[in-house]
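These are the residues of each chain, in order.
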Amino acid sequence: MRNPALPGRRATILAIAVAAALLVLAPTARAARPPVPAPVSELVGPHFVIHYTSSGGTAADRLSPEGAATALANAETALSWYLSQGYPPPMSDGDGKTDIYVFAVPIGPAAGRDDESADQTSGFILLTPSTTNIYAVAHELFHVIQFGIFAHSGFFSESSAEWAGQAVTAATGGSPPPNWFPDPWRPLDCLGPACGDAAGGYRGSIFWEYLSERYGTGIVHEAFSREAALGSADHRAHDLQALEEVLGAHGSSLAAALNGYALAAVAGQITRPGVLPHLPAPSLRLIPEQVGIYAPLSVTVNHLAMKVVSFDGAADSAAPCTRATLQLQVDLPPGVPTQPVFVIYPSSGLPPASGIYPLAISGGTASAEIPWATCAAAIGALALPNASATADGQVFTVHFGVGAGSAEHRKPRPRLSAKAVQRVGKLAIQVHVSEAATLRGQAMVSLPRVRGALLSRVASARATAKRTVTLRFKFSPAKLRRIRAVLAQRRVRAKLVVHARNAEGETATVSKSVRLKR
């Protein structure tokens, strides 16, 4: 039922706001609707009512009518997306509309339940005037939808709401906030102080994105619905059991999903906008830059978590680049479901991976031989997932060394051919590559009676195998004026140079000399 906001003392407002904001984590009693400082305005939409003040309280409490309209539009947009994905609307509190209260909530956006004891209940949303954006609204609205499915979940609550807020933001053309892989070593179901700055379990959001990209966005609804069935008798959370059973119905398992998630995370296979450029934070950095055997290292991983070990071919960017083989062997903890995987990145160091090597498991060890190079262009990562739902402190012992490259790894450098495209101000070169490579080029224009050459800005591109790519060279306006002034009297010579580097660090160069036309 709608509950008009009532004025009250500032201390009372803050106390009630804090209590309401904590409801999703620590329910204690029937929720009290928060009072917005008077005078209170209401903006009523098809499915929501915005309660706000434009002149009461302090400056931090105030929201303009235009800001209220933005909050309402964002709520309607988020709800429309959830309904289009098969999610139910929020449970009604009596009038068919969800209440959104906007004022200076001390701990930021939150959601509260109308009935703290019920398995299914309606709820309300708290926002601050500075957090009426689509991401914050969608996140809190998903909590209210959760309350109507099952209100007593554990790590499902914040991790799936974070996924939902990011998904709606991306689906509506926005850029989700950078809440990607800051600490992959924390268990998926982590709750409480051990989770650091994500005590509510927020860090599992990209795991839900991994699942939704493989099984559809309804996988979250399936998990909540299954948990509702499991919790109907004891009114308690059954997150892992519900997830295990739902994944089993899809022909998978929690362990298989966690291992698949580890691979997808390090290889850059999670495609939602904002995820691809981010990698899981490594726990260790190793530099195997010379042929030889290196000292083994032990890595401890807790349940439903992974650790990432980054590998770099050399610390010195000018180191000579020699083909080699990175030899890996990992002693696995007994009885722990795991699939270690090594990935190689392009010379930029950014995903997606240019090579993926799942380690072959035999008995208690996993091993692989990886094409490598003894230069800074060799960049890789080893993911060590612990897919057990219970076993903490599991030790993976990593043995590694660098051997001379085998014949199968001695591939030729990328072959280049080029054709210049001439037009003053739009100077370009078409480059054909024989394999995937990163291209960087520059144009150098020689002018009479000018010492040296006028250089263009560096042009770069990423080329896939056997593809023609056009690099366009741009000069500053001042340089263009100088070039055109000389061209009015005579021809001008330019040299276009392109460097290519493949995933294994081999380089090639192509150049063309052209005479510019007026």
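Quantities reported herein were computed from a predicted structural model and do not represent experimental measurements.

Some remarks on the overall build of the protein
Then, in step 1: Helix and strand counts for the protein stand at nine helices and 23 strands.
Then, in step 2: Taking the intrachain contacts of the protein between residues at least 6 apart in sequence as the baseline, contacts between residues at least 24 apart amount to 72%.
Then, in step 3: Here the protein displays about 22,100 Å² of accessible surface, and carbon together with sulfur accounts for 54% of that area.

Brief notes about the state of the cysteines
One covalent bond between the sulfur atoms of two cysteine residues makes up a disulfide.
Then, in step 1: Under the counting rule described, the total for this entry stands at one disulfide.
Then, in step 2: Sulfur-sulfur distance for the disulfide between C190 and C195 comes to 2.0 Å. With the S-S dihedral at roughly -115 degrees, the linkage between C190 and C195 falls on the left-handed side. Each member of the pair, C190 together with C195, is buried.

Structural notes on the confidence of the model for the protein
Then, in step 1: On average, the protein scores 84 in pLDDT, and the residues at 70 or more come to 86%.
Then, in step 2: Across residues 1-30, confidence stays below pLDDT 50; counting only partners more than four residues off in sequence or on other chains, it has 69 contacts.
Then, in step 3: Counting contacts from residues 406-412, a segment whose pLDDT is below 50, to residues more than four positions away or on other chains yields 11 contacts.

Overview of the pattern of salt bridges
Side chains that differ in charge, positive against negative, can pair when their charged atoms come close.
Then, in step 1: The final tally for this structure, using the stated rule, is nine salt bridges.
Then, in step 2: Note that D93 and R33 form a salt bridge whose closest N and O atoms lie 3.1 Å from each other. Remark: R33 occurs in the loop between helix 1 (10-21) and strand 1 (41-44) and D93 occurs in the loop between helix 2 (65-84) and strand 3 (98-102); sequence separation between them is 60 residues. No difference in accessibility class separates D93 from R33, as the two residues are buried.
Then, in step 3: In this structure, the salt-bridge partner of D183 is R203, at a minimum N-O distance of 3.4 Å. With D183 in the loop between helix 4 (156-171) and helix 5 (205-215) and R203 in the loop between helix 4 and helix 5, this residue pair connects regions lying 20 residues apart in the sequence.
Then, in step 4: Owing to a relative accessible area of 7%, D183 belongs among the buried residues under this scheme.
Then, in step 5: Looking at R203, the relative accessible area reads 23%, which means it is partly exposed.
Then, in step 6: Ionic contacts of the salt-bridge type, sharing partners, join the residues R33, D93, D99 and D114 into one network.

A look at the sheet that holds strand 11 (residues 355-358)
Then, in step 1: Read from one edge of the open sheet, five strands run 6-8-14-10-11, paired in mixed fashion. Edge positions in the open sheet fall to strand 6 (284-286) and strand 11, since each of these has one partner strand only. Mean inter-strand twist for the sheet, computed between neighbouring axes without regard to direction, equals 20 degrees.
Then, in step 2: By the bridge criterion, eight bridges tie strand 8 (residues 305-312) to strand 14 (residues 379-386) in an arrangement that is antiparallel.

Details of unusual backbone geometry
Then, in step 1: Cis geometry is found at the peptide bond from A38 to P39, where omega equals 0 degrees.
Then, in step 2: Positionally, P39 belongs in the loop between helix 1 and strand 1.
Then, in step 3: P352 follows P351 through a cis peptide bond whose omega is 5 degrees.
Then, in step 4: Residue position: P352 is located in the loop between strand 10 (341-345) and strand 11.
Then, in step 5: Its identity is not glycine, yet H235 carries a phi of approximately 55 degrees, on the positive side.

Procedures and definitions
Residues numbered from 1 in each chain as written. Predicted model: local features only at pLDDT ≥ 70, side-chain atom pairs only at ≥ 80, totals over all residues. Heavy atoms only, no water. Helix = DSSP H or I, 4+ residues; strand = E, 2+ residues; numbered from the N terminus. Contact = heavy atoms within 4.5 Å. Areas by Shrake-Rupley, 256 points an atom, 1.4 Å probe, with all protein chains shown as cover. Disulfide = S-S within 2.5 Å. Buried < 20%, exposed > 50% of the residue type's maximum accessible area, 1.4 Å probe, protein only. pLDDT = per-residue confidence, 0-100. Salt bridge = Lys/Arg side-chain N within 4 Å of Asp/Glu carboxyl O. Pairing = 2+ DSSP bridges. Axes fitted to C-alpha atoms, helices over the stretch in contact; angles between N-to-C directions.

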